[in-house]
Amino acid sequence: MKNPYKMLDLTYAWNGMEQHLYPMVLFGGKDLVLVDCGYPGSLKLLEAALNIHGSSLECVTKLVLTHQDDDHMGAAAELKERCPSIQILSSEEEAPYISGARKNLRLQQAEEMQAHLPPEQQEFGRQFCERLRRVKSVPVDGILHPGDRFDWGGGCEIIGTPGHTPGHISIRALNGEYLITGDAAAAENGALTVANPEYCLDLKTAVKSLEQLKAYSCRRCFCYHGGCLTEQA
């Protein structure tokens, strides 16, 4: 295969504004691996994005979830329901929150912040909490550990990049071709930055993870928020 990885573009419309999310597809010897899957209700967007690259939801064998946020794992339960053979993979730390065994940390954060929001932001905060409560959990079929290596995407390694959430993971190509950052980094103004620092559960650790990613030499850096940066070093 000429290119063993593809970036998808999922476009959402919110109150007249567009938001783009960029899941990745990694091709392996026996696997087609989707990295993150968008908000709840994203199956049609995922299907259309995969079709552009000559694939389909039914071809996906594994879904890697970088962490528990709803824009990354929101469609996982729907995808598992449609394609029961898909294996859901995450880090050990994130798995209880993705599976529903523990209360989602983003929801806990939002509920704690709600009491301190000014009156004009109370309704937004309430809606945000309700949105998170509606996210369907999904069983995790397998655990990924930092240092695990696979033939996906031409050969890759799992990297521990905590901070945004405790068990956040990223993926790097062994040949330096790419980094997949999840929310460990965002692409802004042609550079890597901490993604949504106000939502980082441990900002100090998130900054360390960002510096870790910047230390890797790679041709392309794929950020879930912001898309692709080239020649990142």
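Numbering of residues starts from 1 in every chain and runs along the sequence as written. With pLDDT at 70 or above as the cut-off, local features in this predicted model cover only qualifying residues; side-chain atom pairs require 80 or more to be listed or tallied, and sums for whole chains, interfaces and linings still use all residues. Side-chain calculation: all heavy atoms of the structure are included, whereas hydrogens and water are not.

### Some remarks on empty space enclosed by the protein
Cavities and pockets are found on a 1 Å grid laid over the protein atoms alone: a cavity is a set of points where a 1.4 Å probe fits but cannot escape, a pocket is an open set with protein on both sides within 12 Å along at least five of seven lines, and a lining residue has an atom within 4 Å of such a point. Grid points are joined across faces, edges and corners, and a volume is the space filled by probe spheres set on the points. Under the counting rule described, the total for this entry stands at two cavities of 30 Å³ or more. Quantified by volume, the largest cavity comes out at close to 50 Å³. Taken together, Y22, P23, M24, V35, D36, T66, I180, T181, G182, F222, C223 and Y224 make up the full set of residues lining the largest cavity. Taken as a whole, the second largest cavity spans an internal volume of roughly 40 Å³. As for the second largest cavity, its lining consists of T161, P162, H164, D183, A184, V194, A195, C200, A206 and S209. Three classes are used, and their members are as follows: Ala, Val, Leu, Ile, Met, Phe, Trp, Tyr, Cys and Pro are nonpolar, Asp, Glu, Lys and Arg are charged, and the others, Gly among them, are polar. Counted by class, the lining of the second largest cavity contains six nonpolar, three polar and one charged residues.

### A word on the side chain of S42
Structurally, the position occupied by S42 is in the loop between β5 (32-35) and α1 (43-52). Whenever two N or O atoms come within 3.5 Å, that pair is a polar contact, provided that in protein one can donate a hydrogen and the other can accept it, and provided that, for residues adjacent in sequence, both atoms are side-chain atoms. Within the local environment of S42, its side chain forms a polar contact with the side chain of Y12, the two groups lying 2.7 Å apart. When checking whether two residues touch, look at their non-hydrogen atoms; a contact exists if any pair is within 4.5 Å. Excluding anything up to four places from it in sequence, S42 contacts Y12, C37, A75 and E78. Counting from the N terminus, the helices are the DSSP runs of H or I reaching at least four residues and the strands are the DSSP runs of E reaching at least two.

### Points about the pattern of salt bridges
We define a salt bridge as a contact between a side-chain nitrogen of Lys or Arg and a carboxyl oxygen of Asp or Glu at a distance within 4 Å. One pass over the structure, following the stated rule, counts 15 salt bridges. Close ionic contact of D141 with K80 constitutes a salt bridge, the shortest N to O distance being 2.9 Å. You can see D141 sitting in the loop between α6 (122-133) and β8 (142-144) and its partner K80 sitting in helix α3 (residues 76-82), a full 61 residues away along the chain. Under the scheme applied here, a residue whose accessible area is under 20% of the maximum for its type counts as buried, over 50% as exposed, and between as partly exposed, the area being computed with a 1.4 Å probe on protein chains only. Looking at D141, the relative accessible area reads 41%, which means it is partly exposed. Under the relative-accessibility criterion, K80 is labelled buried at 18%. Through salt bridges with shared partners, a single network forms among K103, E111, E130 and R133.

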